[in-house]
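One letter stands for each residue in the lines below.
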Number of protein chains: 2
Amino acid sequence: MLLSSPHQASFVSTLLLFFSACSIAINTNRTISIGYILYPGFELLDVYGPLELLSSASYLHNMTLSLISFTTGPVASRPPGHLMDPSMPPVDTSHMIGPTTVATHTFENAPPLDIIMVPGGMGNVALEQENNTVMETFIARRFDHASYVLSVCTGTVTLARAGVLSGRRATTNKWAWSWVTDPAHGKNITWVPSARWVEDGKVWTSSGVAAGLDMMYAFLKHLFGAEELDSLLNQIEYAPHVDPHWDPFSVVHNVPGADRNRSLADCVVPAGH
Amino acid sequence: MLLSSPHQASFVSTLLLFFSACSIAINTNRTISIGYILYPGFELLDVYGPLELLSSASYLHNMTLSLISFTTGPVASRPPGHLMDPSMPPVDTSHMIGPTTVATHTFENAPPLDIIMVPGGMGNVALEQENNTVMETFIARRFDHASYVLSVCTGTVTLARAGVLSGRRATTNKWAWSWVTDPAHGKNITWVPSARWVEDGKVWTSSGVAAGLDMMYAFLKHLFGAEELDSLLNQIEYAPHVDPHWDPFSVVHNVPGADRNRSLADCVVPAGH
């Protein structure tokens, strides 16, 4: 009965028109192999903000997604409890809620990757304290073969420790700035204190968590152009920050060298408007 | 070696101070039971945008999270391929990428819930076309016992079909407006054409996808107050839209009755600034 509703027909027609208008792209684009790294205590939005845009764009452009972790199967987003400096009282995070995401591949059996995505999260502090360098070894080994490597938030620390930021410009979460930019994590890196995201050749790094959405919007425009992407952004009702220099959080968190002369405000508008 | 780094110590101290300042709340708050509904073809950000805020807030306030679906185990976010009106050519979505999220409970064995979250997504179109009313029956049965019921994007259609929006004000995704607001989905509903989100007693409904983040920020402020939440928002570097009447997408998508006199811009700033 509802199937014959003119309202639904109108909604469905709109969907179909949008899809049909772009359907050529499905057959003309080669398949892009995307690998998203997961680890216990990854930050949810670091993964699912960019994935919202990538999965929607995958209607128009053939992509494969490999969710890569230490083992296949469920990976918890709840932060490990032992992420604090041992010289301080441990923080109990065992009561925190956190869904699990299913990893499809391991660092050993991941397929060739065109794009590697690295999220941040409390878990990478724990991994460093355990002297776990599996992710860093994976990134160092795969870097030259990838077309792009992107990190969100403190995922930048993994790129730094892997050595792939040497000689490059990068940014990260401004709340965790002093930890990530510790020279012990990587030498010869030009840290950009006020940036929503930084593009340096094949390496893109974003500021904290939510900034991953803005970086991914800019990245997909770089790959595929604006028009189809703006339609998508308006369907998911996200008004992106399009100025890579907009970074009020670098001021909020007193990052050394932050641009304090800019307004903290950003007048975001719908994409394409 | 890195453990003794003054930079990391400083980062860790900041974390610890933030956590310690709020630690009292952990023992004084009762546990809040949250149920997040999942179905094949749920929209990623409809679930993980609000969950980013909820999971972070769960450090400060005891919560449990039940991910509820038709069966326990992995639930695919990839849209079902048969979501189109049968009178039109089917759209093949089988090539789209979509991670899976692990459901912890079914509609039959879900625990008592204080807060019920309902995401949108292409999957609910498919469920309606299959005359599947399991989610609607669940919501109708649990509604009176819940303190709050929130829907994101087209999740509103599930609330409408469950009958719980009768006599209430609500909004939804503006791109899917004509389909969701079809009178066949529910009678005696006051649809608000220009709204980022709408609060009507225990029922909160948001506009499309990304609007769920703004609704959840407003909802958590309603529950817990602003100060701790603003610290959190600045750590995840999300500048929320705080005006429930800001809705440029109602203009972009030509929603009947949309407020065309307002600027499409919103000068977002860091929370608390």
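Counting from 1, residues in each chain are numbered in the order their sequence is written. To label them, take the chains in the order written and letter them from A, then take the ligands in the order written and number them from 1. Only residues with pLDDT of at least 70 are given local features in this predicted model, and only at 80 or more are side-chain atom pairs given and counted; all residues enter the totals for whole chains, interfaces and linings. To obtain the side-chain values, all non-hydrogen atoms of the structure were used and water was disregarded.

An unreviewed UniProt entry lists chain A under the name Class I glutamine amidotransferase-like protein, from Lindgomyces ingoldianus.

Asker: How should I be thinking about the side chain of B:R168 in this particular structure?
Answerer: The helix count covers DSSP runs of H or I at least four residues long, the strand count covers runs of E at least two residues long, and both are numbered beginning at the N terminus. The topology assignment puts B:R168 in the loop between α5 (155-162) and β8 (169-170). When accessible area is computed with a 1.4 Å probe and restricted to protein chains, residues below 20% of their type maximum are described as buried, those above 50% as exposed, and intermediate ones as partly exposed. According to the relative accessible area criterion, B:R168 is buried, its value standing at 18%.

Asker: Explain the nonpolar core to me, please; I cannot follow it from the model alone.
Answerer: By size, the foremost hydrophobic cluster in this structure holds 148 residues, and its most contacted members are A:I34, A:I37, A:L150, B:I34, B:I37 and B:L150. Not counting residues within four places of it along the chain, the set of residues in contact with B:L150 comprises B:I115, B:I116, B:M117, B:V118, B:W204, B:M215, B:M216 and B:F219. Residues belong to one nonpolar core when they are buried, are Ala, Val, Leu, Ile, Met, Phe, Trp, Tyr or Cys, and are joined through side-chain atoms within 4.5 Å. If you look at the next biggest cluster of nonpolar residues, it comprises 8 residues, including A:A239, B:A239, B:F249 and B:V268. Contacts are residue-level and defined by heavy atoms, with any inter-residue pair within 4.5 Å sufficient.

Asker: When you look at helix α7 (residues 211-224) of chain B in this model, what are you seeing that I'm missing?
Answerer: It helps to recall that an α-helix has 3.6 residues per turn; residues three or four apart then point in one direction. Residue and element names in this part refer to chain B. Given the number of residues in a helix, its expected span is that number minus one, multiplied by 1.5 Å. In a regular helix each residue adds 1.5 Å, so 14 residues correspond to 20 Å; α7 covers 20 Å between its end C-alpha atoms and thus fits that length. Here α7 lies mainly inside the structure; 10 of its 14 residues are buried. Listed in full, the buried residues belonging to α7 are A211, G212, L213, D214, M215, M216, Y217, A218, F219 and L220. Taken together, the buried residues of α7 touch α2 (44-57), β6 (115-118), β7 (148-151), β10 (197-200), β11 (203-206) and α8 (227-235). Just past α7, the residue G225 takes up positive phi, approximately 95 degrees.

Asker: Could you clarify how one ought to interpret the pattern of salt bridges in this entry?
Answerer: Residue and element names in this part refer to chain A. Should a side-chain nitrogen of Lys or Arg be within 4 Å of a carboxyl oxygen of Asp or Glu, the pair is scored as a salt bridge. Summed over the entire model, instances satisfying the criterion amount to 14 salt bridges over all chains. Across the pair D247 and K174 runs a salt bridge whose closest N-O atoms are separated by 2.8 Å. In this pair, D247 is assigned in the loop between α8 (227-235) and α9 (248-252) and K174 in the loop between β8 (169-170) and α6 (177-180), connecting sequence segments 73 residues apart. Accessibility expressed as a relative area gives 5% for D247, which makes it buried. Among the ionic contacts, a cluster of salt bridges with common partners joins E128, E136 and R161.

Asker: Explain the packing of helix α2 (residues 44-57) of chain A against α2(B) here, please?
Answerer: How two helices sit against one another is set out by the angle between their axes and by the gap between those axes. Contact geometry for α2(A) and α2(B): axes closest at 9 Å, N-to-C directions at 165 degrees. The orientation of α2(A) relative to α2(B) falls into the category roughly antiparallel. Crossing of α2(A) over α2(B) shows left-handed handedness. Only B:L44, B:L45, B:Y48, B:G49, B:L51, B:E52 and B:S55 of α2(B) make contact with α2(A), whose side of the interface consists of A:L44, A:L45, A:Y48, A:G49, A:L51, A:E52 and A:S55. Each residue is assigned to one of three groups, with Ala, Val, Leu, Ile, Met, Phe, Trp, Tyr, Cys and Pro labelled nonpolar, Asp, Glu, Lys and Arg labelled charged, and all others, Gly among them, labelled polar. Within the contact of α2(A) with α2(B), the residues separate by chemical class into 8 nonpolar, 4 polar and 2 charged. Fitted lines through C-alpha atoms serve as axes, helices being fitted only where they are in contact, and the angles separating the N-to-C directions of these axes extend from 0 to 180 degrees. Any angle that is under 35 degrees is reported as roughly parallel, and any over 145 degrees as roughly antiparallel; angles of 65 to 115 degrees are reported as roughly perpendicular and all others as oblique. The sense of a crossing depends on the near helix, which, turned anticlockwise from the far helix by less than a right angle, makes the crossing left-handed and, turned clockwise, makes it right-handed.

Asker: How do you make sense of unusual backbone geometry when you look at a structure like this?
Answerer: Among all residues except glycine, the phi angle is most often negative; among peptide bonds, the trans geometry is most common. Non-glycine residue A:N131 carries a positive phi angle of around 55 degrees. With respect to the element layout, A:N131 can be found in the loop between α3 (123-129) and α4 (134-142).

Asker: Would you mind going over the side chain of A:R142 with me for this structure?
Answerer: All names here are of chain A. Take R142: it is sitting in helix α4. When charges are counted, Lys and Arg contribute as positive and Asp and Glu as negative, whereas His and the chain ends are disregarded. It is E108 that comes nearest to the buried, bridge-free R142 among opposite-charge side chains, at 9.3 Å. With sequence-adjacent residues up to four places away left out, R142 is seen in contact with A110, P111, P112, L113 and I116.

Asker: Sorry, what's going on with the environment of B:S58 here?
Answerer: Structurally, B:S58 is set in the loop between α2 and β2 (63-69). Between the C-alpha atoms of B:S58 and B:I32, which are 26 residues apart in sequence, the distance is 9.3 Å. Filtering out sequence-adjacent residues up to four positions away, B:S58 remains in contact with A:H95, A:M96, A:I97 and B:M63.

Asker: In this structure, what is going on with the sheet that holds strand β11 (residues 203-206) of chain A? I would like to understand it.
Answerer: Residues and elements named next belong to chain A. Here a strand pair is declared whenever DSSP counts at least two bridges between the two strands. On the basis of which strands lie adjacent, the open sheet formed by 7 strands has the order β5-β2-β1-β6-β7-β11-β10 and mixed pairing. Of all the strands in the sheet, the pair left with one neighbour each is β5 (105-106) and β10 (197-200). Relative to strand β2 (residues 63-69), strand β1 (residues 32-37) runs parallel, the two being bridged by 6 bridges. Along β2, the bridge assignment pairs I34 with L65. Helix-sheet contacts for α4 involve β1, β2 and β6 (115-118), and the interaxial angle to β1 is about 160 degrees. Here helix α7 (residues 211-224) sits on the sheet and contacts β1, β2, β6, β7 (148-151), β10 and β11; the angle it forms with β11, its principal contact strand, is near 150 degrees.

Asker: Looking at this structure, how should I read the state of the cysteines?
Answerer: Covalent bonding between the sulfur atoms of two cysteines defines a disulfide. Note that a disulfide, as used here, is simply two cysteine sulfur atoms within 2.5 Å. Under the criterion given, the structure shown has 1 disulfide over all chains. In this model A:C267 forms its disulfide with B:C267; the gap between the sulfur atoms is 2.2 Å. An S-S torsion of about 80 degrees defines the bridge between A:C267 and B:C267 as right-handed. Here A:C267, found in strand β12 (residues 266-268), pairs with B:C267, found in strand β12 (residues 266-268), and the two come from separate chains.

Asker: Teacher, can you tell me more about the packing of α7(B) against α8(B) here?
Answerer: Residues and elements named next belong to chain B. Look at α7 against α8: their axes get within 9 Å of each other, and the N-to-C directions meet at 150 degrees. Between α7 and α8, the residues in contact are Y217, L220, K221 and F224 and E228, L229, D230 and L233, respectively. Counted by class, the contact of α7 with α8 contains 5 nonpolar, no polar and 3 charged residues.

Asker: Would you take a moment to explain the packing of aromatic side chains for this structure?
Answerer: Given two aromatic rings, one states the distance between the centres and the angle between the planes to describe the pair. All names here are of chain A. Each Phe, Tyr or Trp ring (for Trp, its six-membered ring) is paired with any other whose centre lies within 6.5 Å, and the angle between the two planes then decides the class: stacked below 30 degrees, edge-to-face above 60, tilted in between. Taken as a whole and judged by the stated rule, the model has 13 aromatic pairs over all chains. Each residue in the set F70, F107 and F138 is aromatic and connected to the rest through ring pairs, giving one cluster. Note on geometry: a ring has a charge over it if NZ (lysine) or CZ (arginine) is within 6 Å of the ring centre and within 35 degrees of the ring normal. It is K202 that lies over the ring of F143; its NZ or CZ is 4.6 Å from the centre.

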